Amino acid sequence: MPNFRDTGHLFRFAGIFVAAVLIFLAIRGWLVPHTFGQYGHYRGAALTEIAAKPVHFAGHQTCETCHSDIAEKKTAGKHVSVNCEACHGPLASHADDPSIQPAKLNTAQLCGQCHEASAAKPKGFPQVETESHANGVACETCHQAHSPAIAAGGAQ
Amino acid sequence: MQGVDGFMYPNEVQLQWSVLIVLYPFVTGLVAGAFILASLVRIFHVEAVRPTYRLAMLTALAFLLVAPLPLQLHLGHPERSYEMYLTPHRTSAMAMFGFIYLWYLMAVLVAEIWLDYRRDIVVMSQSVTGWRRWAYCVMTLGSSNISARALEIDDRVGWLITLIGIPSAFLLHGYVGFIFGSIKANPWWSSPLMPVVFIFSAMVSGIAAVMLLYMLAAGLRRQAIDVRCVDTVARYLLYIFIIDFSLEMLDLVHRIYEADESFRSLDFMIHTKLFFSQIVLQIFAGTLAPIALLGLTQVVKLPDLARKRIYAIAGCLTLIGIFAMRWNVVIGGQLFSKSFLGYTTYKMGLITREGLLMTVLLSLLPLFFLWVLVKLLPPWYEKQDTLTVVG
Amino acid sequence: MNITRRQMLILLPAAAVAWESILAGTPESSPNYNLSEHWWGMLIDIPKCIGCGNCVRACQAENDVPDGYFRTWIERYHVTDSNLANPEVISPDGGKHGFPVAKEDKGKYFFVPKMCNHCAESPCTQVCPVGATFISPDGVVLVDQKYCLGCAYCVQACPYGSRYIHPQKRVADKCTLCYHRITKGLTTACCEACPTGARQLVDLKNPNDPIHAFLKTHAVQVLKPQMATGAKAFYNELDGSVR
C-alpha cells in the first residue's frame with residue numbers, strides 16, 4: 001500500500017488527537033459533579049447547600065409564640081406593623097436559647113434612625129428634630145416603643 | 001469615596017478586570033494577526049513575504065502558548081478553570097474559549113508547523129546528537145518518511161489546514177471581541193462592530209509584530225533584511241490599518257451622532273480619564289502617525305534605509321496603539337458607572353498578582369518561547385537551503 | 001417579664017416543631033416546600049422608604065456580607081426640575097447608617113432601595129462559562145460558590161451593579177433573596193427588618209399573594225426596562241430619573 005505508506009505519519013498525528021479526545025471524555029464523565037444537570041445547567045446540590053445556611057433573624061412569628069403580650073400591646077399602636085427584630089436586631093440565637101438575653105436598646109439613638117426629621121423623608125412619616133424635641137432625654141421616658149403615642153399610655 | 005467622581009453603584013467602585021485582561025486580547029490579537037500574515041503566503045501566494053512565513057507561524061505559536069496565562073492569573077479560583085471543559089455553558093461566550101483555544105493551538109498551529117517542518121525535523125533527528133536528537137525523534141512521531149510523495153501530501157494537507165486556519169483565527173479573536181461586544185449592560189462594549197474591530201486590529205498588531213521581529217532577527221543575525229519582503233508586509237499593514245481605522249471611526253461617529261443615554265457619560269470619560277490613552281496614544285500616536293508614516297513610503301520614493309527605519313517606528317507605534325486600544329476597551333469599560341452618573345479610577349498594582357510586574361513578565365514570556373522555538377525549529381530559509389543539500 | 005412562662009411556651013410541641021423545621025429544613029426535605037410551586041420576587045414601595053438603612057444592616061447581619069460590598073443598598077435621589085436627566089444621587093456606605101439630614105428646598109427627594117432583581121431573563125446567568133450561577137426552579141438567581149471560577153464575567157453583565165467578587169472567598173457573591181429563609185417559610189432579612197413595609201417578598205405563583213391585587217391598582221415599574229431582563233423587583237411609583 002504505497003499510498004498509506006506516504007500518509008502514515010498523518011494518521012499517527014491524528015491518532016494522538018483521537019486518543020486525547022477519548023481520554024478527555026473519560027475524565028469528564030468522572031469529574032462532572034453527579035447532581036450537575038438535575039434542574040438545569042448547574043449543580044443541583046447547590047440549592048440544598050444554599051438553603052441550609054443558618055438563619056439569624058428569627059422572624060416575628062417566632063417571637064410572638066412566646067412574647068404574645070408584646071404582640072398584643074403593639075396592635076393598639078402605630079408600631080403594629082414594625083417587626084420585633086427591626087428594632088431589637090437579629091435574635092435567632094435568643095429564640096434558640098431564651099437564656100441568651102439581647103442587649104438593652106438605646107432609644108435616644110435608635111428611634112432617631114427612623115424619626116430624625118429630614119426633608120428627604122416622605123412627608124406623612126412622623127419626624128422630629130430630636131435635639132430640640134428631647135434634648136438628649138431617652139425617647140422611652142415619654143413614649144413606649146411598642147405603642148408610642150403618649151395618649152396611649154406613656155411611660156410609667 | 002476615594003477615586004470616585006459623582007455616583008457609582010457601591011459594588012462598581014472596584015474594577016473587576018485588570019491590566020491582565022488588557023494583555024489577553026492583545027496577545028490573542030498578535031496570534032491571529034501573525035497567522036493571517038502567514039496565510040498570505042500559503043493561500044494567497046504573496047511570494048514576497050515568504051521569508052516571514054515560518055517566523056510568523058512560530059510567533060503565533062509562542063504567543064498562543066501565553067494567551068491563557070493572564071486569564072488564569074486573574075481568576076479567583078484558577079484551580080477550577082478545568083470546569084470550563086467539563087460543563088461549558090452554551091449561552092456563554094467565555095465558555096467557548098477553552099475549545100476554540102485548543103482547536104486553534106492543536107488542530108491549526110501545531111499541525112501546520114509540524115507539517116511544514118517535518119522534513120527538517122526528520123533530517124535533524126538523524127544529524128544532531130544528545131538531548132536534541134531525542135526531542136526531534138519524538139517530534140517525528142516515529143515516522144521518517146520524507147519521500148517526495150509524502151512531502152507533497154504534507155504540503156497539500158498543510159494548505160488545507162491553513163484554509164481552515166483563517167476562519168479559525170477570525171473565530172479566535174472575533175470571539176474575544178464578542179465577549180465584550182455582547183454585554184448589553186455596558187454601552188461602551190455593547191456593539192456588533194466589536195468583534196470586527198477586534199479582528200482587524202488583531203491583524204494590524206500581528207503583522208506589525210512579525211515585521212518588527214523579522215527585522216530584529218535579521219539585525220541580530222547580521223543578515224540583510226529582504227527589503228522587498230518588508231515593503232510588501234508594510235503595504236499590507238497599511239491597507240488593513242486603513243480598514244481598521246475606518247471601522248473604529250465608524251463606531252465613534254455612530255456613537256457621537258446617535259448620542260444615546262450613555263453618550264454624555266462616555267464623552268466626558270474620553271475627555272478626562274481616557275484622554276491620554278484614547279486620544280493621544282490610540283488615535284494620534286498609535287493610528288494616525290503610523291498610517292501617515294506608512295502612507296509616506298507609498299507616496300514618496302525613499303532610500304531603503306529610510307524606509308526600514310520608518311517601518312520600525314511605524315511598527316512600534318502600531319503595537320503601542322493597539323495595546324492602548326485594548327486598554328481603552330477593557331479598562332475604559334469599567335471606569336464609568338452603569339448609572340451614567342459617575343466615574344471610578346483604576347489603580348494598577350505593582351508587584352501584585354494582577355499588577356504591572358506580572359504584566360511585563362507575561363509580555364516577555366512569549367518572546368522567550370519564541371527564542372526556544374526558533375532554536376528548535378529555525379525559521380530561516382537560507383539555512384533550509386543547506387539542509388536541502390544535506391537531505 | 002415572665003421567663004419561666006416563655007421557656008414553657010417554647011417547649012410547647014407546636015412552637016418547638018415550627019422552630020426546628022425553620023432551623024433544619026432543606027428545600028427538598030422540608031415538608032411544605034415545593035420548588036415548582038413558587039416564583040419569587042420583591043415589591044419595593046418607594047413612597048414608604050424612609051432611608052433608615054435597616055435593610056442594609058439586616059442583610060449584612062443575616063448573610064455575612066463583607067464590608068464595602070452590598071447585596072442590598074439604598075440610594076437617595078434629589079431631583080430638581082432643571083436636572084431631571086442628571087439627578088444628584090448619594091449612597092453613603094450603601095445607606096447602611098442612614099443618610100445625612102436634608103434641608104427643605106425646591107427639589108424632591110426620595111429613597112430607592114436596590115438589590116438583585118432576580119431577573120427571569122438574567123444577563124448574569126447567561127454569561128457564566130461553567131454554570132456556577134443560575135436561576136433556581138423557584139425563580140431566584142443564585143451562585144454556586146463551590147463551583148464558581150471567580151472570572152467576574154457575571155459582575156460585568158449585571159446592568160444593576162448587584163454583584164461583586166467576595167474579597168476573601170474570591171467567587172461571585174450576590175443577594176440570594178435569603179433563599180435559606182424563604183424555603184423555610186420565613187421572609188427575607190431585609191423585609192423582616194424594614195419598619196415601614198417598603199419591601200415585601202412576593203410569590204408570583206401564589207394566587208393569594210397580595211402582589212396580584214397591588215399590581216392591578218398601582219403604577220409599578222422595574223429598573224432599566226430597556227434591558228429586557230425580566231426583572232422581578234417591582235418598584236411602586238418609581239421616578240423616571242432613577243437609573
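Here is what the cut-offs are and how they apply
Residue numbers restart at each chain and count upward from 1, following the sequence in its written direction. By the order in which they are written, chains take letters starting at A while ligands take numbers starting at 1. Local features in a predicted model are, by the rule used here, given only for residues with pLDDT of at least 70; side-chain atom pairs are given and counted only at 80 or more, and totals for whole chains, interfaces and linings are based on all residues. No hydrogens and no water enter the side-chain calculation; it runs on all heavy atoms of the structure. Counting from the N terminus, the helices are the DSSP runs of H or I reaching at least four residues and the strands are the DSSP runs of E reaching at least two. Residue exposure (1.4 Å probe, protein chains only): buried if accessible area is under 20% of the type maximum, exposed if over 50%, otherwise partly exposed. The charge count treats Lys and Arg as positive and Asp and Glu as negative. His and the chain ends do not count. Counted as salt bridges are all cases of a side-chain nitrogen of Lys or Arg within 4 Å of a carboxyl oxygen of Asp or Glu. Contacts were defined at the residue level, with two residues in contact if any of their heavy atoms lie within 4.5 Å. Buried area: the accessible surface (1.4 Å probe) lost by two parts on joining, summed over both. A 3.5 Å cut-off defines polar contacts: any pair of N or O atoms within that distance qualifies, except that in protein one atom must be a possible hydrogen donor and the other a possible acceptor, and neighbouring residues in sequence count only when both atoms are side-chain atoms. Note on residue classes: Ala, Val, Leu, Ile, Met, Phe, Trp, Tyr, Cys and Pro are nonpolar, Asp, Glu, Lys and Arg are charged, and everything else, Gly too, is polar. Working definition for bend: take the seven residues up to and ending at a residue and the seven starting at it, fit an axis to each, and measure the angle between the axes. Whether two strands pair comes down to DSSP finding at least two bridges between them. Every axis corresponds to a line fitted to the C-alpha atoms, with the helix fit spanning only the stretch in contact, and the corresponding angles, defined between N-to-C directions, vary from 0 to 180 degrees. By nonpolar core we mean a set of buried residues, namely Ala, Val, Leu, Ile, Met, Phe, Trp, Tyr and Cys, connected to one another through side-chain atoms within 4.5 Å. Here is the rule: rings of Phe, Tyr and Trp (six-membered ring for Trp) pair when centre to centre is within 6.5 Å. Planes less than 30 degrees apart are stacked, more than 60 are edge-to-face, and the remainder are tilted. One number per residue, pLDDT, summarises how confident the predictor is, and it ranges from 0 to 100.

A. Seen up close, the side chain of B:Arg80. Within the element layout of this structure, B:Arg80 appears in the loop between helix H3 (68-74) and helix H4 (83-86). Although B:Arg80 is buried, it forms no salt bridge, and the closest oppositely charged side chain is B:Glu79 at an N-O distance of 4.0 Å. Residues within four places of B:Arg80 in sequence aside, it is in contact with C:Gln145, C:Lys146, C:Tyr147, C:Cys148, C:Leu149 and C:Val171.

B. Summary view of the interface of chain B and chain C. Taken together, the contact between chain B and chain C spans 39 residues of the former and 49 residues of the latter. Counting the surface lost from both chain B and chain C, the interface buries some 3500 Å², and carbon and sulfur atoms represent 52% of this. When residues of chain B are sorted by the area they lose upon contact with chain C, B:Tyr9, B:Asn11 and B:Lys184 head the list and together hold 19% of the total. Linking chain B with chain C are zero salt bridges. Viewed at the interface, chain C and chain B are joined by 30 residue pairs in polar contact (both at pLDDT 80 or more). Breaking the side of chain B that touches chain C down by element, the ones donating at least two residues are H4 and helix H7 (148-181) of chain B. Residues that form the side of chain B that touches chain C fall into these classes: 18 nonpolar, 14 polar and seven charged.

C. Molecular detail of helix H5 (residues 97-127) of chain B. Along H5(B), the largest kink reaches about 60 degrees and is centred on B:Tyr117. Among the 31 residues in H5(B), 22 count as buried, and that is most of the element.

D. How the structure looks around the sheet that holds strand S2 (residues 72-79) of chain C. All names here are of chain C. Across the sheet, which stays open at both edges, the three strands sit in the order S3-S2-S4 with antiparallel pairing between neighbours. Two strands close off the open sheet at either side, each with one partner strand: strand S3 (88-90) and strand S4 (108-115). Between one strand axis and the next, the sheet turns through 25 degrees on average, direction left out of account. Here eight bridges tie S2 to S4, and the two strands are oriented antiparallel to one another. The residue bridging His 78 from the neighbouring strand is Tyr 109, located in S4.

E. Spatial organisation of the nonpolar core. Judged by nonpolar contacts, the single largest core of 209 residues is most densely connected at B:Trp17, B:Tyr104, B:Leu109, B:Phe180, C:Tyr153, C:Leu177 and C:Tyr179. Among the elements that make up this core, the one with the highest residue count is helix H8 (residues 193-220) of chain B (19 residues). Every residue in contact with C:Tyr153, bar those within four places of it in the chain, is listed here: B:Trp17, B:Ser92, B:Ala93, B:Met94, B:Phe178, B:Ile179, B:Ser182, B:Ile183 and C:Val127. The next biggest cluster of nonpolar side chains, apart from the first, holds five residues, and it includes A:Phe57, C:Ala58, C:Cys178 and C:Ala189.

F. Local environment of the interface of chain C and chain A. Across the contact, 57 residues belong to chain C and 50 residues belong to chain A. Taken together, the two surfaces of chain C and chain A that pack against each other cover about 4400 Å², and 62% of this comes from carbon and sulfur. Applying the counting rule to chain C against chain A returns two salt bridges. A:Arg43 is paired through a salt bridge with C:Asp144; the nearest N and O atoms lie 2.6 Å apart. Applying the counting criterion to the chain C and chain A interface returns 13 residue pairs in polar contact (both at pLDDT 80 or more). When residues of the side of chain C that touches chain A are assigned to their parent elements, the largest contribution, six residues, is made by helix H1 (residues 3-11) of chain C. Per-class residue counts for the side of chain C that touches chain A are 34 nonpolar, ten polar and 13 charged.

G. Structural detail: the sheet that holds strand S11 (residues 233-236) of chain C. All names here are of chain C. One open sheet holds the four strands; their spatial order is S9-S1-S11-S10, and the pairing between them is mixed. In the strand order of this sheet, the two ends are held by strand S9 (199-203) and strand S10 (220-221), each with one partner. For strand S1 (residues 40-45) and S9, the ladder comprises five bridges, and the chain directions are antiparallel. Looking across to S9, one finds that Ile 44 is bridged to Arg 199.

H. Geometry of the pattern of salt bridges. Applying the stated criterion to the full structure yields 22 salt bridges over all chains. Notably, a salt bridge pairs B:Arg156 with B:Glu152, separated by 3.2 Å at the nearest N-O pair. On the criterion of helical spacing, the pair formed by B:Arg156 and B:Glu152 is a turn pair, its members being four residues apart in helix H7. Judged by its relative accessible area of 52%, B:Arg156 falls in the exposed class. A salt bridge links C:Asp67 to C:Lys96; the nearest nitrogen and oxygen atoms lie 3.3 Å apart. With C:Asp67 in the loop between helix H3 (54-63) and S2 and C:Lys96 in the loop between S3 and S4, this residue pair connects regions lying 29 residues apart in the sequence. C:Lys96 sits in the buried class, given a relative accessible area of 15%. Several salt bridges converge on common partners, so that one network encompasses B:Arg42, B:Arg54, B:Glu112, B:Asp116, B:Asp120 and B:Asp155.

I. Seen up close, the packing of aromatic side chains. Per the stated rule, a full pass over the model turns up 28 aromatic pairs over all chains. Both rings, one in A:Phe13 and one in B:Trp114, keep their centres 4.7 Å apart while their planes meet at 20 degrees; by these two values the pair is stacked. On the criterion of chain membership, the pair formed by A:Phe13 in helix H1 (residues 2-31) and B:Trp114 in helix H5 is interchain, its members lying in two chains. When its relative accessible area of 15% is taken as the criterion, A:Phe13 is described as buried.

J. Up close: H3(C). Burial runs high along H3(C): eight of the ten residues are buried. Residues of H3(C) that are buried include every one of C:Asn54, C:Cys55, C:Val56, C:Ala58, C:Cys59, C:Gln60, C:Glu62 and C:Asn63, and no others. Turning to H3(C), the residues buried within the fold contact helix H5 (84-88) and helix H7 (107-115) of chain A together with S2, helix H6 (179-182), helix H7 (189-193) and S9 of chain C. Of the residues flanking the end of H3(C), it is C:Asp64, one or two places downstream, whose phi is positive at about 55 degrees.

K. The pairing of S2(C), seen in detail. Residue and element names in this part refer to chain C. With eight of eight residues buried, S2 is to be regarded as a mostly interior element. Where S2 meets S3, three bridges bridge the pair, whose relative direction is antiparallel. Its bridge partner lying in S3, His 78 is registered against Glu 88.

L. Structural context of the pairing of S11(C). All names here are of chain C. Alternating positions in S11 separate into two faces, Ala 233 and Tyr 235 on one and Phe 234 and Asn 236 on the other, with burial throughout. Here S1 runs beside S11; their pairing, made up of four bridges, is parallel. The partner of Ile 44 across the bridge, within S11, is Tyr 235. For S10 and S11, the ladder comprises two bridges, and the chain directions are antiparallel. Its bridge partner lying in S11, Gln 221 is registered against Tyr 235.

M. Spotlight on the confidence of the model for chain B. The pLDDT averaged across chain B works out to 93; a share of 97% of its residues lies at or above 70. Of the regions scoring below 50 in pLDDT, residues 383-391 of chain B engages in eight contacts with residues more than four places distant in sequence or in other chains.

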